[in-house]
Each structure stands twice: as C-alpha cells, then as structure tokens.
Amino acid sequence: MDSETKYRVVTAFQRVLNAVMRRLPTHTLLETTGRTSGLPRRTPVGGRRTGGSFWLVSEFGERSQYVRNIKADPRVRVRLRGRWHTGTAHLLPDDDPVARLRALPRMNSAAVRTVGAGLLTVRVDLDD
C-alpha cells in the first residue's frame, strides 16, 4: 500500500474511532485551536507526562491536522486522567521519534509505528 493510500485509510478509521475516544472521560486528549475556524479541536492521543512536560509522537508528522494547528498556535490543552492542563507545544523534528516511542505507552506506540509515516515528536511544556 502506498503512503497516500495508507494515510487516507488510517485517517478515515481514526475519524470514527476518535469520535468514540473523545467521549471517554479518562482518555488522554490534546486540544488545539483550529487554524481556520478558531474553534477548539480535540484529538485522542497516546503519550506520557514526564515532569512538567507531556510527550507524544504524531504518526503522520506535519500532515496531522493537530500538528498544523500547533504550527499556527502552539498554546494547547492536554487532558490527563480527566484533568485539563494548559501548555505550549513544541514540534521537535530533530528528536528521534522511534527512540521516543520506546519511552511512551506500549499499545499506542505499537499502533503509531505500524500505521505511521513521517513520525514527529511533540513536547508540550505544561503550565502546572
């Protein structure tokens, strides 16, 4: 399967799955501001808080809509264990995303490695 077909298949599946995951009260969410609409956009993500930062890896790098939103406005919110935290997101193209995935939750990391193309590390420096 070529990368464009893979991207379309995975994003179509994610639209359906994400609609369910956003409703789960304890699932981790990343909230960005829509770069065109200005409305909040919530995306279920897998990652891990380490000290004052939350780390995740975008499976489609700069093609991910939430990454595009971060580029337009890096102020975000992250819901961890049902509690919202504000912060500033940083895209880290020089970080090794495969190595980073080894430090993140296994289930999500395996899915990102399997479906991903153009992985990109994202660090959110939390305000609290």
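Residues numbered from 1 in each chain as written. Predicted model: local features only at pLDDT ≥ 70, side-chain atom pairs only at ≥ 80, totals over all residues. Heavy atoms only, no water.

Peer 1: Break down the sheet that holds strand β1 (residues 29-33) for me, citing the residues and quoting the values.
Peer 2: On the basis of which strands lie adjacent, the open sheet formed by 7 strands has the order β2-β1-β5-β6-β7-β4-β3 and antiparallel pairing. Two strands bound the open sheet, and with one partner strand each, they are β2 (40-44) and β3 (47-50). Strand-to-strand twist of the sheet, defined as the mean angle between neighbouring strand axes without regard to direction, takes the value 30°. Here 6 bridges tie strand β6 (residues 83-92) to strand β7 (residues 120-126), and the two strands are oriented antiparallel to one another. (Pairing = 2+ DSSP bridges. Helix = DSSP H or I, 4+ residues; strand = E, 2+ residues; numbered from the N terminus. Axes fitted to C-alpha atoms, helices over the stretch in contact; angles between N-to-C directions.)

Peer 1: Describe the packing of aromatic side chains, listing the residues and the values that go with them.
Peer 2: Aromatic rings in a pair are described by how distant their centres are and how their planes are angled relative to each other. Taken as a whole and judged by the stated rule, the model has 0 aromatic pairs. For R100, the ring lying beneath its charged end belongs to W55, and the centroid distance is 3.7 Å. (Phe/Tyr/Trp six-rings, centres within 6.5 Å; stacked < 30°, edge-to-face > 60°. Lys NZ or Arg CZ within 6 Å of the ring centre and 35° of its normal.)

Peer 1: Explain the side chain of S64 to me, using residue names and the numbers behind them.
Peer 2: Mapping S64 onto the fold places it in the loop between β4 (53-58) and α2 (65-72). For S64, a relative accessible area of 8% gives the class buried. Within the structure, the side chain of S64 is placed 2.8 Å from the side chain of S58, a separation counted as a polar contact. (Buried < 20%, exposed > 50% of the residue type's maximum accessible area, 1.4 Å probe, protein only. Polar contact = N/O pair within 3.5 Å; in protein donor to acceptor, adjacent residues only side chain to side chain.)

Peer 1: Before we move on, can you summarise the nonpolar core with the specific residues and values?
Peer 2: With 15 residues, the main nonpolar core has L30, F54, I70, V78 and V124 as its most contacted residues. Every element with two or more residues in this core is listed here: β4, α2, β5 (75-80) and β7. Of the residues forming this core, the biggest block, 4 residues, is contributed by β7. Beyond its immediate sequence surroundings of up to four residues, V124 is in contact with L30, G52, S53, F54, V76, V78, G87, T88 and A89. Among the nonpolar cores identified, the runner-up in size contains 5 residues, and W55, L92, L101 and L104 belong to it. (Core = buried A, V, L, I, M, F, W, Y, C linked by side-chain atoms within 4.5 Å. Contact = heavy atoms within 4.5 Å.)

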